[in-house]
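Listed here are the chains, written in short residue letters.
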Amino acid sequence: FSLRLWKYSLKDGSLEQFINGDLTGFPDGVDCAWKGFTSKLSNSCYAVMPSAMTPIMKVVQKIGHPFDMFFRTILLGLPKFLAPPVKLYGGVLEINMESNTMQNRVRCVQDPDGTDIGMLTGVTVHDDKLYLGSLRNDYIGVYDDTE
């Protein structure tokens, strides 16, 4: 899955490509921490990724629109026993809105095999911690990056 994010300036109306790159999974829930709300995490946005990118989805993505939508529709319509397996995965994407360099704008924190927490669908930022909601786990994950 490719992420493209554009930054629009309210001062002069200019448009700048802020992020352009491939992701390890599919982004879902998003939350942002702005100046004044938290200290270390301010001016960052966080997106959770419930599932990793599977090889078949990488192929479908390369086909291009509108054919990719057609193949996705077919995949979603398959009976469960024929559908490609969902890889257990947990990932949080951090987007630093104040970074001046492309390399420091995106950071990904992962649980590649979903052993601690997987199928993340929600993130909330509060008191320098990320609270993570999951479809598979019966607890709320807490990520503290201050230690």
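Data block above holds the structure.
Heads up: these notes are all about the structure in this document. Not measured: the values here are computed from a predicted model.

**Let's talk about the sheet that holds strand E7 (residues 120-126)**
Sheet architecture is open: 3 strands sit in the order E7-E8-E9, paired in antiparallel fashion. Edge positions in the sheet fall to E7 and strand E9 (141-144), since each of these pairs with one other strand and no more. Across the sheet, the axes of successive neighbouring strands diverge by a mean angle of 25°, strand direction being ignored.

**What to know about the sheet that holds strand E4 (residues 44-51)**
The strand order E3-E4-E5-E6 describes an open sheet built from 4 strands, whose pairing is antiparallel. The open sheet has two edge strands with one neighbour each: strand E3 (30-33) and strand E6 (106-111). The sheet shows a mean angle of 20° between the axes of neighbouring strands, taken without regard to direction. Direction of pairing for E4 relative to strand E5 (residues 88-96): antiparallel, over a ladder of 7 bridges. From the neighbouring strand, Ala47 faces E5, where its bridge partner is Leu93.

**Some remarks on the side chain of Asp111**
By the element assignment, Asp111 lies in strand E6. We classify Asp111 as buried; its relative accessible area is 11%. Among the polar contacts listed, one links the side chain of Asp111 to the backbone nitrogen of Thr115, at a separation of 3.2 Å. For Asp111, the side chain forms a polar contact with the main-chain nitrogen of Ile117, separated by 3.0 Å. Those residues in contact with Asp111 that lie beyond four places of it in its chain are Tyr89, Gly90, Asp116 and Ile117.

**Here we look at the environment of Met53**
Checked against the element boundaries, Met53 lands in the loop between E4 and helix H1 (55-63). Using a relative accessible area of 10% as the deciding quantity, one classes Met53 as buried. Considering only alpha carbons, one finds Met53 and Thr24, 29 residues apart in sequence, at a separation of 5.7 Å.

**Observations regarding the packing of aromatic side chains**
The final tally for this structure, using the stated rule, is 1 aromatic pair. Aromatic side chains Phe70 and Phe71 sit 5.5 Å apart centroid to centroid with 70° between the ring planes, which places their arrangement in the edge-to-face category. Note on Phe71: relative accessible area 35%, which makes it partly exposed.

**Structural notes on the nonpolar core**
Listed in full, the 10 residues of the largest apolar core are Ala33, Tyr46, Val48, Val92, Ile117, Leu120, Val123, Val125, Leu130 and Leu132. Elements with a minimum of two residues in this core: E4, E7 and strand E8 (129-134). Ranked by residue count, the leading element in this core is E7, at 3 residues. With sequence-adjacent residues up to four places away left out, Ile117 is seen in contact with Tyr89, Gly90, Asp111, Leu132, Ser134, Asn137, Tyr139 and Gly141. Core analysis: the second largest hydrophobic core is formed by 9 residues, Phe18, Leu23, Ala52 and Ile95 among them.

**Comments concerning the packing of H1 against helix H2 (residues 67-77)**
Viewed as axis vectors pointing N to C, H1 and H2 meet at an angle of 150°, and their least axial separation amounts to 7 Å. Between H1 and H2, the crossing angle belongs to the class labelled roughly antiparallel. For H1 against H2, the interelement crossing comes out right-handed. Taking contact as the criterion, the partners of Ile56, Met57, Val60 and Ile63 in H1 are, on H2, Phe67, Asp68, Phe71, Arg72 and Leu75. Residues of the contact of H1 with H2, tallied by class, amount to 7 nonpolar, no polar and 2 charged.

Quick notes on the rules
Residues numbered from 1 in each chain as written. Predicted model: local features only at pLDDT ≥ 70, side-chain atom pairs only at ≥ 80, totals over all residues. Heavy atoms only, no water. Pairing = 2+ DSSP bridges. Helix = DSSP H or I, 4+ residues; strand = E, 2+ residues; numbered from the N terminus. Axes fitted to C-alpha atoms, helices over the stretch in contact; angles between N-to-C directions. Buried < 20%, exposed > 50% of the residue type's maximum accessible area, 1.4 Å probe, protein only. Polar contact = N/O pair within 3.5 Å; in protein donor to acceptor, adjacent residues only side chain to side chain. Contact = heavy atoms within 4.5 Å. Phe/Tyr/Trp six-rings, centres within 6.5 Å; stacked < 30°, edge-to-face > 60°. Core = buried A, V, L, I, M, F, W, Y, C linked by side-chain atoms within 4.5 Å. Parallel < 35°, antiparallel > 145°, perpendicular 65-115°, else oblique. Left-handed = near helix turned anticlockwise from the far one by under 90°. Nonpolar A, V, L, I, M, F, W, Y, C, P; charged D, E, K, R; others polar.

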